[in-house]
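Structural description and commentary
Next come the chains, spelled out residue by residue.
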Amino acid sequence: MSKYSHDNIVPFNESQQSKKEQVAAMFDQIAFRYDFLNRFLSGGIDVSWRKRAIRELKEIKPNKVLDVATGTADVAIMTARYLNPEKIIGIDISEGMLNLGRQKVDKLLLSKQIELLKGDSEAINFPNGTFDAITVAFGVRNFENLEKGLAEMYRVLKPGGKAVILEFSKPRRKGFKGLYNLYMNIIAPRAGQWVSKNKDAYQYLNQSVKAFPEGETFLHILQQVGFKNTTLKRLSLGICTIYCGSKTAN
């Protein structure tokens, strides 16, 4: 039984597949337009959101980083550029997204530093305490079981390590909230359908953002699975939030 309502939000309501299978299929379908749509639908501001998130790791100078739900490797590539760790592993359940990510990594001659693997965030195929840092950008909302995915991230984090999670949230200012709802309910799904021929994906985006346990509630969930020193920073009037949590040294 799902603990959070967002765990039950799926891309294709008529499908008999699990959320995980549906999310993988959805991203396989829109992979060819994913990067363009991110820039287009956010007006390019998503790039600065990712930079802000990666900057949260600057202080700890991580040597080995795991990027969960890496998609087309935007965060992995930015992490290589700004933090230059020895190794970055990116995992994702969508082979279509990973293939595009690998092309980008190869083109930038980063294939020795960045390795992209098919992998499940709720069963991360690495031993306990493997990584100095973990990043997730717009991925935890897609977990089939939120707590299980976060607990796995905590498990593979080294003591003293830090996780940084970037996720959509809902603005609170009244005037701006109305504009945002118009955009998410009508404009984004129509633009998504027009560009990627997949309206379901962008309706799912809106529904999953609405249902996601954001803000202080999400910090509490991070604490429940073991994270300490949890913080949040709201960006762009609350459209997006950076969450941080650490695994205390033994």
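Under an unreviewed UniProt entry, the name given to the chain is Demethylmenaquinone methyltransferase, and the source organism is Niastella koreensis. Of the chain, the UniProt comment under Catalytic activity (unreviewed entry) reads exactly: "a 2-demethylmenaquinol + S-adenosyl-L-methionine = a menaquinol + S-adenosyl-L-homocysteine + H(+)". What UniProt records for the chain under Pathway (unreviewed entry) is the sentence "Quinol/quinone metabolism; menaquinone biosynthesis; menaquinol from 1,4-dihydroxy-2-naphthoate: step 2/2."

For the rest of this paragraph, the subject is the sheet that holds strand β6 (residues 228-235). The seven strands lie next to each other as β3-β2-β1-β4-β5-β7-β6, forming an open sheet whose pairing is mixed. The two strands at the open ends of the sheet, each matched to only one other strand, are β3 (114-118) and β6. For this sheet, the mean angle separating the axes of adjacent strands, direction not counted, is 15°. Pairing analysis gives five bridges linking strand β2 (residues 87-92) to β3, with the strands arranged parallel. Across the sheet, Asp 92 pairs through a bridge with Lys 118, a residue of β3. Along the sheet, helix α8 (residues 215-224) makes contact with β5 (157-168), β6 and β7 (240-246), crossing β6 at roughly 155°.

Here we take up the UniProt feature "binding site: S-adenosyl-L-methionine" (unreviewed entry) in the chain. Here the UniProt feature "binding site: S-adenosyl-L-methionine" (unreviewed entry) sits at Thr 72, Asp 92, Asp 120 and Ser 121. Here Thr 72 shows up in the loop between β1 (64-68) and α3 (74-82). For Thr 72, a relative accessible area of 3% gives the class buried. Each residue touching Thr 72, except ones within four places of it in the same chain, is listed here: Tyr 34, Asp 35, Met 97, Leu 100, Gly 101 and Lys 104. For Asp 120, the position within the fold is in the loop between β3 and β4 (131-137).

Take the packing of aromatic side chains next. Per the stated rule, a full pass over the model turns up seven aromatic pairs. A centroid spacing of 6.2 Å and a plane angle of 85° characterise the contact between Trp 49 and Phe 168, whose relative ring orientation is edge-to-face. Linking Trp 49 in helix α2 (residues 45-55) with Phe 168 in strand β5, this pair joins segments that are 119 residues apart in sequence. We note that Trp 49, like Phe 168, is buried. A centroid spacing of 5.3 Å and a plane angle of 45° characterise the contact between Phe 212 and Phe 218, whose relative ring orientation is tilted. Given a relative accessible area of 0%, Phe 218 falls into the buried group. Looking at Lys 64, its charged tip hangs above the ring of Phe 131, at a distance of 5.6 Å from the centre. Across from the ring centre of Tyr 154, 4.8 Å away, lies the NZ or CZ of Lys 247, which sits over that ring.

Quick notes on the rules
Residues numbered from 1 in each chain as written. Predicted model: local features only at pLDDT ≥ 70, side-chain atom pairs only at ≥ 80, totals over all residues. Heavy atoms only, no water. UniProt positions renumbered as here; feature names shortened; annotations may be inferred. Pairing = 2+ DSSP bridges. Helix = DSSP H or I, 4+ residues; strand = E, 2+ residues; numbered from the N terminus. Axes fitted to C-alpha atoms, helices over the stretch in contact; angles between N-to-C directions. Contact = heavy atoms within 4.5 Å. Buried < 20%, exposed > 50% of the residue type's maximum accessible area, 1.4 Å probe, protein only. Phe/Tyr/Trp six-rings, centres within 6.5 Å; stacked < 30°, edge-to-face > 60°. Lys NZ or Arg CZ within 6 Å of the ring centre and 35° of its normal.

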